[in-house]
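Reading the structure
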Amino acid sequence: MSSALQERPTASAPRPPYGSDRPDPDQYRPGRTITDWDPENEVFWRSVGRKVARRNLWIAVPALLVAFVVWQVWSVTATNLKDVGFGYSTSQLFWLTAIPGLTGGTSRILYTFLGPMIGQRRFTALSTIVLVIPLIWLGVAIQNPSTPYAVMVAIAALCGIGGANFASSLANIGFFFPKSEKGNATGINGGLGNLGVSVVQLATPIVITSSVIALGSAQHKADGTPVYLQNAAFLWVPVLVVLAVVAWFGQNDLKVASTPFSRQKVIFKRKHTWLMTWLYVGTFGSFIGFAAALPLLIKTTFPTYSVATYAWMGPALGALARWAGGWIADRVGGARVTIVAFGGMALSIVGVITFLPVEGENSGNFYGFFACFLAAFLFSGMGNGSTFRQIPVIFRNQHLGGLEPGTRAYAQARKQSEMEAGAVTGFTSAIAAYGFFFIPAMFANFAVTSAMWCFVGFYASCVGVAWWYYARAGAEARS
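What you see is a predicted model, and the numbers here were worked out from it, not measured in a lab.

Another point: the overall build of the chain. In terms of helices and strands, the chain carries 19 helices and four strands. The C-alpha radius of gyration of the chain comes to 23 Å, within 12% of the 23 Å expected for a compact globule of 479 residues. In terms of its C-alpha atoms, the chain occupies a principal-axis envelope of roughly 90 × 50 × 35 Å. When the 479 residues of the chain are sorted by exposure, 57% land in the buried category. Here the contacts in the chain between residues at least 6 apart in sequence split such that 80% fall between residues at least 24 apart. Approximately 18600 Å² of the chain is accessible, and the part contributed by carbon and sulfur atoms is 64%. Taken together, the 34 basic and 19 acidic charged side chains of the chain have centroids lying 3 Å from each other.

This is the structure:
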């Protein structure tokens, strides 16, 4: 009796990795499928897990960044079309920036469940290389001002697939890290991946003026200045090829993360799936929607100010704030940071409204408008990090409450919680990606001020949800 008790694992005793006391060390090499993975085991994490997890993370980051470049390339491309002879209306240009959000969000739903089924290594490589197709098509079509609008719509829709990579990347990377580091890891992956928005907005105005890297003929502005809009697309083709190869040979597939859809679909029955989706629509939906719409919003509202100078700053700030939001949430709690983020976003958008031009009264204040938009990006980025920290904590607590660590029931419940948290992470990001579509679409069809007030009201509802369910004393899922 006493011997059996001594052999039983306890909460403080290190546990062997999944499946075996002596896992095969070859499986942890780059390009292999890992069958034994237990990041919560401190001995395993220090000796093997941390190194493997970080390698997979730092390969995922640049692949996700360039996927965001493809997703957002139309936010800058659309601002240059009229200058070189494309006869599209302002409304049509806003729609071209919005359409990638529609296909990106829809594709994310599929990628959320496909990623864990196929594996981090294989899915990263395949989802990266496929983005070469819309970029090549864009580079060819943009050289001809007579290209039909319908063709441009089709290309914009295909570019939207780049946004889907986020769902699979975040869902997979989360499996590699222990609870104590999930917020930081997903913050790094998501935050630096989100930097692709700023990279494309900063790099495009530079590369389209360079004849050195141009493939094809120049277009000319009204004053005769030559530009090479195709560079904005062709520049990234070889980069995508290299990143796909690196992912194929450098990352790992986790067998523990491989889950059929029949098991993942249980998340649709969980109340907190829908509540956290509501919150993430508010943070990431705002971040990506504002990033898509801001270049054209500046050009149409404050036409004397340079889009190239200012548009990239907000997304860059929001992307970096995502990591900070995850890091702070690991220490003080995700729900608290989420509430601060939504309060800050609401106040920031009220400021944006205050500084907008009013027809017949004033021409607005660009610097006040831009400063408030920067604040909105900052708080949305913080909220992106904190909400993604909340998800694994919520599902872990829901499944593990009352179970004794070290027991078989505890291990099974922990695995289930990680599977559901990964699926919910991907699903919430899929729905939130529609912000990329709806925000530019709202600016295309409604007055800017009216749209902004709608955002403020929505953020107020998010503060209420976060406080009631996750932050107040006695909340059912404090996180």
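With 20 residues, helix α14 (residues 313–332) should reach 28 Å at 1.5 Å per residue; the first-to-last C-alpha distance of 28 Å fits that figure. Among all positions of α14, only Gly314, Pro315, Ala316, Gly318, Ala319, Ala321, Arg322, Gly325, Gly326, Ala329 and Asp330 are buried.

Right, let's get into the packing of aromatic side chains. Under the defined criterion, the tally for this structure stands at 48 aromatic pairs. Aromatic side chains tyrosine 28 and phenylalanine 44 sit 5.9 Å apart centroid to centroid with 55° between the ring planes, which places their arrangement in the tilted category. Of this pair, tyrosine 28 sits in the loop between α1 (2–7) and β1 (33–34) while phenylalanine 44 sits in helix α2 (residues 42–80), placing them 16 residues apart in sequence. With relative accessibility at 9%, the residue tyrosine 28 sits in the buried group. Ring centres of tryptophan 323 and tryptophan 327 lie 6.3 Å apart, and the angle between their planes is 25°; on these two criteria the pair is classed as stacked. Of this pair, tryptophan 323 and tryptophan 327 both sit in helix α14, four residues apart, which is roughly one turn of that helix. Looking at arginine 121, its charged tip hangs above the ring of tryptophan 248, at a distance of 4.4 Å from the centre. Just above the ring of phenylalanine 388 sits the side chain of arginine 322; from NZ or CZ to the centre is 4.8 Å.

Cut-offs used in this document
- Residues numbered from 1 in each chain as written.
- Predicted model: local features only at pLDDT ≥ 70, side-chain atom pairs only at ≥ 80, totals over all residues.
- Heavy atoms only, no water.
- Helix = DSSP H or I, 4+ residues; strand = E, 2+ residues; numbered from the N terminus.
- Rg over C-alpha atoms; globule rule 2.2 N^0.38 Å.
- Buried < 20%, exposed > 50% of the residue type's maximum accessible area, 1.4 Å probe, protein only.
- Contact = heavy atoms within 4.5 Å.
- Areas by Shrake-Rupley, 256 points an atom, 1.4 Å probe, with all protein chains shown as cover.
- Lys, Arg positive; Asp, Glu negative; His and termini not counted.
- Charge placed at Lys NZ, Arg CZ, Asp CG, Glu CD.
- Expected span 1.5 Å × (residues − 1).
- Phe/Tyr/Trp six-rings, centres within 6.5 Å; stacked < 30°, edge-to-face > 60°.
- Lys NZ or Arg CZ within 6 Å of the ring centre and 35° of its normal.

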